[in-house]
Each structure stands twice: as structure tokens, then as C-alpha cells.
Amino acid sequence: MTYHGYAAAHPGAALSPHSWEPEALGEREVEVAISHCGLCHSDLHLVDNSWRVSAYPLVPGHEVVGKVTRVGASVRVLRVGQRVGVGWQSDSCGHCEYCLRGEENLCPELRATAIRRHGGLADHIAVDERFAHPIPEGLPSEAAAPLLCAGATVYAPLRRYASPSSRVGVLGVGGLGHLALQFARAMGCEVTAFSTREEKAAEARAMGAHHFHTTASGPRRAKGALDLLLVTVHHDLDWRKWLNTLRPDGVLCFLGGPEQPLNIPPGALIGGQRTITGSAITGRAGMREMLAFASRNGIVPRTELMGMDQINEAMERLRRGEVRYRVVLHTQRDELGELDLPTEDSPG
Ligand code: NAP
Ligand code: ZN
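Note on numbering: residues in each chain are counted from 1, in written sequence order. Chains and ligands are labelled by the order in which they are written, letters from A for the one and numbers from 1 for the other. Reporting of local features is limited, given that this is a predicted model, to residues whose pLDDT is at least 70; pairs of side-chain atoms are given and counted only at 80 or more, and all residues count toward the totals for whole chains, interfaces and linings. To obtain the side-chain values, all non-hydrogen atoms of the structure were used and water was disregarded.

## Some thoughts on the site of ligand 1
Phase 1: Close contacts around ligand 1 come from 27 residues, with His41, Ser195, Thr196, Lys200 and Arg326 the closest.
Phase 2: Histidine 41 places a side-chain nitrogen or oxygen 2.7 Å from an oxygen atom of ligand 1.
Phase 3: By the criterion applied in these results, polar contacts are pairs of N or O atoms within 3.5 Å in which, for protein atoms, one can donate a hydrogen and the other can accept it, and in which residues neighboring in sequence qualify only through two side-chain atoms. Backbone polar atom of leucine 176 to an oxygen atom of ligand 1: 2.8 Å apart, as the coordinates give it.
Phase 4: Secondary structure is summarised from DSSP: a helix means a run of H or I of at least four residues, a strand means a run of E of at least two, and numbering begins at the N terminus for each. Broken down by secondary-structure element, the contributors of at least two residues to the shell around ligand 1 are helix H1 (41–48), helix H3 (141–161) and helix H4 (175–186).
Phase 5: Any residue that is not Ala, Val, Leu, Ile, Met, Phe, Trp, Tyr, Cys, Pro, Asp, Glu, Lys or Arg is counted as polar, Gly included; the first ten are nonpolar and the last four charged. Residues belonging to the shell around ligand 1 are distributed by class as follows: 10 nonpolar, 14 polar and 3 charged. Residues are labelled near a given molecule or strand when at least one of their non-hydrogen atoms is within 4 Å of it.

Here is the structure:
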């Protein structure tokens, strides 16, 4: 069976149709017929080779939802026809200390879904069954897709650092940021949104923000106001000023990675016992907890649905910062050859 998808041939290239013969399905792997794939800013970083880890041709996509079509001989839990999601991670060693304690995202042998293996902008994908996460019934596939990377990435540090009495800031109201606002609000936190675009104020409030400031005025307006600041932008800002938005014991957590080294005097951390840290996706248990929490609390990504054949238009919109707030691409029967795709949103 041939798989079809969209690939970049070299760094920064537009994506074009690409076909390949998959390896034989592994004993513990499942094959998934993809119906939806969210477009994360990390896909742009991968296509552009910003992190120097990309291999070409590169099929991006790591917010994948579809139905299981084949299972390997040793697959124990998943069954053909089941609706599942795949995020940034599609395998781990399974026996290191991090895997054993449910933090597979820290496994030294973490395998990323779309690095040196083709990702979810395709009709099919094969992954270890441990990283094909059942999607809760009632969560539409279009809404589930962005949760698999963006949702997981913002949920984990909120779970780790925030409590219901926390004052949480979210810097950047994009794919990650708009979900962070919703999760933080549902956890009971006092939520402040910071955006370069004033016109996002009303929507940010509707998504859970109690307060809204522009990114330019944020450090002044929110000085000493936050217990936790989630940074979802990858731009170089004056981090000394942003550190001053923290209260004593506050945590500044990078989810997006600015390029320049941080220039922070240790004294700015010592006085108020502040912490600067980072966070990467989440483990399997965290993923499943996040999906259940989102489903139970009505956390719904704001999505723009586009056909997979519109991928280049979608990527340009994302580059220009025009997306509100996540593009989700769906496969179409005629577009990538003859597909026998499962019916959308008929879970189970
Ligand atoms: P996105 O949808 O493009 O959102 C990024 C936001 O950054 C934009 O919406 C914008 O928000 C803000 N922004 C844009 N230009 C800016 C500027 N010049 N100065 C300040 N802010 C600016 O991207 P995303 O998908 O949320 O991803 C965000 C970052 O997280 C990416 O770098 C991605 O690679 C990374 N990421 C990390 C993980 C992880 O595990 N740590 C997982 C997924 C993604 P406003 O319009 O509100 O200003
Ligand atoms: Zn992502």
C-alpha cells in the first residue's frame, strides 16, 4: 500500500504532493487513516530547518486524528475502527526512568512524529500503539487535533506550576496561547493575556482572560502581578522586563524558544526566588488526562478548517500571524488518491 502526503523538498520549500511505500507495520504499531491534522508553528520551524534537525523530503504534521485501519500482531489495546490522535511524540524506549514514571517526553530515545519519519499531512501514518491516544467520545476530530500538541504543551506546565489561586499570564494569543487561556481559566486561575494585537482583546476575554494587555505595555501594566508566565512566542523580547511581571516565587516558563540567549542577571532571580524554566509537550498519562480535562470542561480550540490541498495557503497565513487560532487540515477522498476514509465524528 502506498501512502500519500505533502512534503517540503528542501528548507523553506512550498509543500507538494509526495508518495512513499511505508515500512512493514511493526508488531506493536497501528496504522491510522488520517482525517484531520492541525498546523502548529513547529511545523514551520521544521520545514524551515530552524532547529537543524530536519531531513528532506519532510512531511510535517503532528496534531493528527484518524481511525485505526490495521494493527500489528502484538497490539493489545487498540482495535480497528477506533478513533485516535497522535501528537509530537510517536515512540519512546519504554524502559528508562522517565518512561517508567510516565514522563516519556523526557525519554532520551524520544521519536518525533515528523522528524526522519513522515508526519500527519498525509492520508496514513503508522505509530507505536502507546502513542496513539484514544479520543474521548463527544470531542469532534477538528477540535481534538490542536489539543494533541498545543493543548498538551500548555496543560503540562499549568498542571505543574499553577493552583486555583495562581495568577497566570499567557504571552502570545496564538495556537498555544488561546488554549492556555482556556485551560488556566478552567483550573480556576486569575488569567492575564498579552498580545501584540489589540484586536484580540475581546476574544481573549471570551476565552478566559480576566485581564488583557498589549505585549508592548505588558511588563509595565502587569509588573509584579503574576505567579506564572507562559511564554508561547518565539520572538526575542526584553526578558528582564518580563521577569519583573513575576511575584516572589514566580515561574517564567518558555514553551516557544526565542533565538537569542537570555541575558538575565542572577540577582533578578535571587531576590524574589524566581524560576526560569521550559516545558516540552507531555507524557502519555498527561496527554490522556489533558484530553479528558478538555472534554469535561468544554475547552474547544478555535479552528479554521481547510483542505489538505490548501496547505501552502495555510502555512503562509500562519507565517503572517493571520490564523485565528489554529488551522486544521482535513483529508479529502479525491485529493490524495483513492481513500477509504472513515466517516468524520462517528467515534468508536
Ligand atoms: P502561533 O499560533 O503562530 O502563535 C505564536 C504567537 O506569537 C502569535 O499568535 C502572536 O501572538 C505571537 N507573536 C507573533 N509575532 C510576535 C512578535 N514579534 N512579538 C511577540 N509576540 C509575537 O504559534 P504556536 O503554534 O502557538 O507555537 C508557538 C511556539 O511554541 C512556536 O515557537 C512553537 O514551535 C512552540 N511550541 C513548543 C512546544 C513545546 O513542547 N514546548 C510545542 C508546540 C509548539 P499575538 O498575536 O497574540 O501577539
Ligand atoms: Zn506542535
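Further notes follow.
## Quick look at the pattern of salt bridges
Phase 1: We define a salt bridge as a side-chain nitrogen of Lys or Arg found within 4 Å of a carboxyl oxygen belonging to Asp or Glu. In this structure the tally under the stated criterion is 19 salt bridges.
Phase 2: With its nearest N and O atoms 2.8 Å apart, the salt bridge here joins glutamate 63 to arginine 326. Taken together, the residues span a long stretch of sequence, with glutamate 63 in the loop between H1 and strand E4 (64–71) and arginine 326 in strand E17 (residues 326–330) at a distance of 263 residues. A single burial state applies to glutamate 63 and to arginine 326, both of which are buried.
Phase 3: For the salt bridge of arginine 317 with glutamate 322, the shortest nitrogen-to-oxygen distance reads 3.5 Å.
Phase 4: By relative accessible area, arginine 317 is classed as buried at 17%. When a residue's accessible area, from a 1.4 Å probe over protein chains only, is under 20% of the maximum for its type it is buried; when over 50% it is exposed; and in between it is partly exposed.

## Things to note about the environment of arginine 167
Phase 1: Mapped onto the elements, arginine 167 comes out in strand E10 (residues 167–171).
Phase 2: Taking the relative accessible area as the measure of exposure, arginine 167 reaches 28% and is therefore partly exposed.
Phase 3: Residues are treated as being in contact if the distance between any of their heavy atoms lies within 4.5 Å. Contacts of arginine 167, omitting those with residues within four sequence positions, involve Glu190, Ala225, Leu226, Asp227, Leu228 and Arg247.

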